[in-house]
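Listed here are the chains, written in short residue letters.
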Amino acid sequence: MQSQNRARIKLLVSFQPGLHLRELQRQVGLSFSSTRYHVDKLTREGELDRVEDKGYSRIYPPGTDSKDRVLLSLVRRKTDHKILSCFLAENNPTQQRLTEVTELSKSTISEHLAALLELGVVRNRDRGEQRTFELIEPAKISGLMRRHPVVLVKATSRFIDLWDF
Amino acid sequence: MLDITDGIVHVLLVAFSGIVLLISLFAYVERKTSRYFFLSLAFAFLAASELVGLIEVWFLSTQLIFIPSTGIHLSHFLEFLMLASFSLALLVRN
């Protein structure tokens, strides 16, 4: 039974790299402590990689490239997902354009943009007076975004939480 | 005679019940427990009931559809099945 649960956990993580522990627990259908126990054991055995990321414990298949980990965790965060979607829809947007399209505050955009620049996900393109930004690997980000239809996943997750008693 | 506003409301009811049914099916696929099965079933009955309502309004000039030789209004029967499924979803162990 234990090996079955671990095989399921490994399978879920391989399909959805970057899953956080609570989400994995919901999907696997075990208690939170059991899920954490199995994940810890699999991590110790080198079958999974567990990374702490802004209060979330994210789980990846072993050997996931650190750059891919960054991108996977970004597309799973609501605000970054919104900003990256805007980058894919708009051609080299300015900071103001990002604010308009995402309807996020200027300070939020500024903070996230700085983080994206530091992580090497986007880069500056200075065109005269206008400072625009572009994705460094748009095809890769686009592929990752298609794998995570956030709205549907979240709606399903909330539906499960609502009836999980 | 077809009341356009009422017709649009019925189309929206079918669309929204379809979306909720889809979400409940995803939840069932994810959890595979009897509770989520009964919830999906309940939302399927809701979607079917709304579809019957839509057919009555758009194609039968608000004439009601009855189950033959019983005199039961089909839409009401589907709603009864929906409530039964919700009750089962609440009562079964997850």
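Predicted, not measured: the structure shown is a model, and the values here were computed from it. (Residues numbered from 1 in each chain as written. Chains lettered and ligands numbered in written order. Predicted model: local features only at pLDDT ≥ 70, side-chain atom pairs only at ≥ 80, totals over all residues.)

Peer 1: Would you mind going over the overall build of chain B with me for this structure?
Peer 2: For chain B, the helix and strand inventory stands at three helices and two strands. If you list the helices and strands of chain B from N to C, you get α-α-β-β-α. (Helix = DSSP H or I, 4+ residues; strand = E, 2+ residues; numbered from the N terminus.)

Peer 1: I would appreciate a short explanation of the confidence of the model for chain B in the present structure.
Peer 2: Detailed reading of the predicted model is not advised wherever pLDDT is low. Chain-level statistics for chain B give a pLDDT mean of 90 and a share of 97% at 70 or above. Mean pLDDT across the elements of chain B ranges from a minimum in strand β1 (residues 66-67) of chain B, with 87, to a maximum in helix α3 (residues 74-91) of chain B, with 95. (pLDDT = per-residue confidence, 0-100.)

Peer 1: Help me understand the interface of chain A and chain B, please; the structure alone is not making it clear to me.
Peer 2: Accessible area lost upon the coming together of the parts is a frequently used measure of interface size. Contact with chain A, which involves nine residues of that partner, is made by nine residues of chain B. It is helix α9 (residues 150-163) of chain A that contributes the most residues to the side of chain A that touches chain B, six residues altogether. Its residues assigned to classes, the side of chain A that touches chain B shows five nonpolar, three polar and one charged. (Contact = placed C-beta atoms within 7 Å. Nonpolar A, V, L, I, M, F, W, Y, C, P; charged D, E, K, R; others polar.)

Peer 1: Quick question: what am I supposed to make of the sheet that holds strand β3 (residues 56-60) of chain A here?
Peer 2: Either a parallel or an antiparallel arrangement is found when strands of a sheet pair, and the pairing is made through backbone hydrogen bonds. Residue and element names in this part refer to chain A. Ordered in space as β1-β3-β2, the three strands form an open sheet in which the pairing is antiparallel. In this open sheet, the two edge strands, each paired with only one partner strand, are β1 (19-20) and β2 (49-53). Where β1 meets β3, two bridges bridge the pair, whose relative direction is antiparallel. By the bridge assignment for β3, histidine 20 is matched with arginine 58. (Pairing = 2+ DSSP bridges.)

Peer 1: Which parts of the structure should I look at to understand helix α5 (residues 78-89) of chain A?
Peer 2: Turn by turn, an α-helix covers 3.6 residues, leaving residues three or four places apart pointing in a common direction. All names here are of chain A. With twelve residues, α5 should reach 16 Å at 1.5 Å per residue; the first-to-last C-alpha distance of 17 Å fits that figure. Taken together, the buried positions of α5 are occupied by Ile83, Leu84 and Phe87. Each buried residue of α5 sits inside an arc of 95 degrees when the element is viewed along its axis, so together they form one side. Residues of α5 that are exposed and angled more than 90 degrees away from the buried face: Lys78 and Ala89. (Expected span 1.5 Å × (residues − 1). Buried ≥ 20, exposed ≤ 12 C-beta atoms within 10 Å, placed from the backbone. Arc of directions from axis to C-beta.)

Peer 1: How should the nonpolar core be read in this particular structure?
Peer 2: Generally speaking, a soluble globular protein has its nonpolar side chains buried in company with each other. Ranked by size, the top nonpolar core spans 19 residues in total, and within it B:Ala27, B:Leu39, B:Ala42, B:Phe43, B:Phe45 and B:Leu46 carry the most contacts. Secondary-structure elements contributing two or more residues to this core are α9 of chain A together with α1 (4-31), α2 (34-58) and α3 of chain B. The biggest single contributor to this core is α2(B), with eleven residues. The residues touching B:Phe45, leaving out its near neighbours within four places in the chain, are B:Leu78, B:Leu81, B:Met82 and B:Ser85. By size, the runner-up hydrophobic cluster in this structure holds 14 residues, among which are A:Ile109, A:Leu116, A:Val122 and A:Phe133. (Core = buried A, V, L, I, M, F, W, Y, C linked by C-beta atoms within 7 Å.)

Peer 1: What exactly am I supposed to notice about unusual backbone geometry here?
Peer 2: Comment: phi is negative for the bulk of residues other than glycine, and the bulk of peptide bonds are trans. In this structure, A:Glu103 is a non-glycine residue whose phi angle is positive, near 60 degrees. Secondary-structure assignment places A:Glu103 in the loop between α6 (95-102) and α7 (106-119). A positive phi angle, close to 55 degrees, is found at B:Ser69, a residue other than glycine. As for its placement among the helices and strands, B:Ser69 is situated in the loop between β1 and β2 (72-73).

Peer 1: Mind showing me how you'd approach the packing of α5(A) against α6(A) here?
Peer 2: Helices that pack against each other are described as a pair by the angle of their axes relative to one another and the distance between those axes. All names here are of chain A. Two elements in contact, α5 and α6, have axes whose closest approach is 10 Å; the angle formed by their N-to-C orientations is 115 degrees. With respect to α6, the element α5 is oriented roughly perpendicular. Between α5 and α6 the crossing geometry is right-handed. Contacts from Lys82, Ile83 and Cys86 in α5 reach Leu98, Val101 and Thr102 in α6. Of the residues contributing to the contact of α5 with α6, the split by class is four nonpolar, one polar and one charged. (Axes fitted to C-alpha atoms, helices over the stretch in contact; angles between N-to-C directions. Parallel < 35°, antiparallel > 145°, perpendicular 65-115°, else oblique. Left-handed = near helix turned anticlockwise from the far one by under 90°.)

Peer 1: How should I be thinking about the pairing of β3(A) in this particular structure?
Peer 2: Note that β2(A) and β3(A) share five bridges and pair antiparallel. Residue pairing for β3(A): A:Asp49 is matched across the bridge by A:Tyr60.

Peer 1: I keep staring at helix α2 (residues 21-28) of chain A and nothing clicks. Help me out?
Peer 2: Those residues of α2(A) not exposed but buried are A:Leu24, A:Gln25, A:Arg26, A:Gln27 and A:Val28. A:Gly29 sits one or two positions beyond α2(A) and adopts a positive phi of about 80 degrees.

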